[in-house]
Amino acid sequence: MTRKQFAAKVAFVAVAMLALSSSWVQTAQAIKFTIAGQDAGDARSICISHHVEADTQVVVKVKVGNGPHQKVSVEVTDDTIHQGQLWKKDNLLDELQRGAFLNKEAGNVLACFMNVLAPGYKPDPKYTRVVDVDFEIGSETIDYLKLAEKEKLKPMEVELRKLEDLVKEVIEDMEHLQRREEKMRNTNESTNARVQWLSTMTMFVLIALGAWQIVYLKQFFRKKRLID
């Protein structure tokens with residue numbers, strides 16, 4: 001094995017381990033919370049946000065626990081200037097609901113939940129429902145079981161495909177971070193150059209002002225015959 005082949009193999013293993021660690025972190029995106037029943041006129045939503053890059057497939061999975069005389073709804077939007085509605089579901093039941101969409105612009109995706117009581121019922125601590133929400137992003141949204149059936153892949157090939165997709169995502173994230181670093185570096189260099197020019201101009205202005213003050217004071221004192 002040559003040094004180049006060894007280096008390439010080490011790089012692939014490192015990226016693969018990073019991808020696996022990234023996938024482990026991404027799987028910890030499920031959130032479980034309790035939402036209290038509220039009057040329709042005073043109902044306020046509880047929102048959960050997740051940052052998503054541009055042109056990324058997103059799947060939001062929601063499951064709501066049982067609760068009498070309550071109606072839970074969810075609305076998924078983005079925080080761009082367009083404030084687009086990506087997915088909406090009213091009267092969530094005790095079954096898994098799945099909303100899939102393509103996030104076109106980079107930003108935060110917000111899932112907002114609201115629990116409204118039926119007419120005639122007032123808010124009470126006993127009127128609550130448990131909500132489970134999970135964000136799946138990028139390669140997590142791929143159904144590898146269907147992919148394996150479609151392409152007739154073996155279990156090992158499916159795992160390799162998962163690893164390949166994760167490595168691609170990690171590389172894309174690293175390239176994105178590199179572009180951001182270059183942009184920030186250019187901004188810092190431009191700011192430093194402007195500060196340098198401003199400092200130089202300020203120094204010349206102060207020198208000129210000091211020279212003018214010396215000349216003016218000499219003329220003033222000579223007029224007053226205080227100096228020769």
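As annotated in an unreviewed UniProt entry, the protein carries the name Vesicle coat component and is attributed to Linnemannia gamsii. Annotation of the protein in UniProt includes, under Sequence similarities (unreviewed entry), the sentence "Belongs to the EMP24/GP25L family." According to the UniProt record, the Subcellular location (unreviewed entry) comment for the protein reads "Membrane".

*Asks:* Quick question: what am I supposed to make of the environment of R185 here?
*Replies:* Note that R185 resides in helix α3 (residues 155-223). With relative accessibility at 36%, the residue R185 sits in the partly exposed group. A polar atom in the side chain of R185 sits 2.8 Å from the side chain of E181.

*Asks:* How should I be thinking about the sheet that holds strand β2 (residues 46-52) in this particular structure?
*Replies:* Across a sheet, paired strands are connected by hydrogen bonds in the backbone, their directions being either parallel or antiparallel. On the basis of which strands lie adjacent, the open sheet formed by 4 strands has the order β2-β7-β4-β5 and antiparallel pairing. A single partner strand is all that each edge strand has here, and the edge strands are β2 and β5 (85-89). Adjacent strand axes in the sheet meet at a mean angle of 15° when their direction is disregarded. Looking at chain direction, strand β4 (residues 70-78) and strand β7 (residues 107-117) are connected through 9 bridges and run antiparallel. Looking across to β7, one finds that V74 is bridged to F113.

*Asks:* Explanation requested: the side chain of R129 in the structure shown.
*Replies:* By the secondary structure assignment, R129 is in strand β8 (residues 128-137). Looking at R129, the relative accessible area reads 4%, which means it is buried. Among the polar contacts listed, one links the side chain of R129 to the backbone oxygen of Q70, at a separation of 3.2 Å.

*Asks:* What is the right way to read the environment of A43 from this model?
*Replies:* Relative to the helices and strands, A43 resides in the loop between β1 (31-36) and β2. Taking the relative accessible area as the measure of exposure, A43 reaches 18% and is therefore buried. Along the backbone, A43 and N115 are 72 residues apart, and their C-alpha atoms lie at a distance of 7.3 Å. In this structure, A43 is in contact with Q38, M114 and V116, ignoring residues within four places of it in sequence.

*Asks:* I would appreciate a short explanation of the pattern of salt bridges in the present structure.
*Replies:* All chains considered together, the criterion is met by 5 salt bridges. With a shortest N-O distance of 3.0 Å, E136 and K61 are connected by a salt bridge. Within this pair, whereas E136 is found in strand β8, its partner K61 is found in strand β3 (residues 56-64), the two being separated by 75 residues in sequence. Owing to a relative accessible area of 23%, K61 belongs among the partly exposed residues under this scheme.

*Asks:* When you look at the state of the cysteines in this model, what are you seeing that I'm missing?
*Replies:* Simply put, disulfide is the name for a covalent bond between the sulfur atoms of two cysteines. Tallied over the entire structure, the rule returns 1 disulfide. The disulfide bridge from C47 ends at C112, spanning 2.0 Å between sulfur atoms. Judged by the sign of its S-S torsion, about 110°, the cystine formed by C47 and C112 is right-handed. Of this pair, C47 sits in strand β2 while C112 sits in strand β7; the two residues are 65 residues apart in sequence, bridging distant segments of the chain. For C47, a relative accessible area of 38% translates into the label partly exposed.

Conventions adopted
- Residues numbered from 1 in each chain as written.
- Predicted model: local features only at pLDDT ≥ 70, side-chain atom pairs only at ≥ 80, totals over all residues.
- Heavy atoms only, no water.
- UniProt positions renumbered as here; feature names shortened; annotations may be inferred.
- Helix = DSSP H or I, 4+ residues; strand = E, 2+ residues; numbered from the N terminus.
- Buried < 20%, exposed > 50% of the residue type's maximum accessible area, 1.4 Å probe, protein only.
- Polar contact = N/O pair within 3.5 Å; in protein donor to acceptor, adjacent residues only side chain to side chain.
- Pairing = 2+ DSSP bridges.
- Axes fitted to C-alpha atoms, helices over the stretch in contact; angles between N-to-C directions.
- Contact = heavy atoms within 4.5 Å.
- Salt bridge = Lys/Arg side-chain N within 4 Å of Asp/Glu carboxyl O.
- Disulfide = S-S within 2.5 Å.

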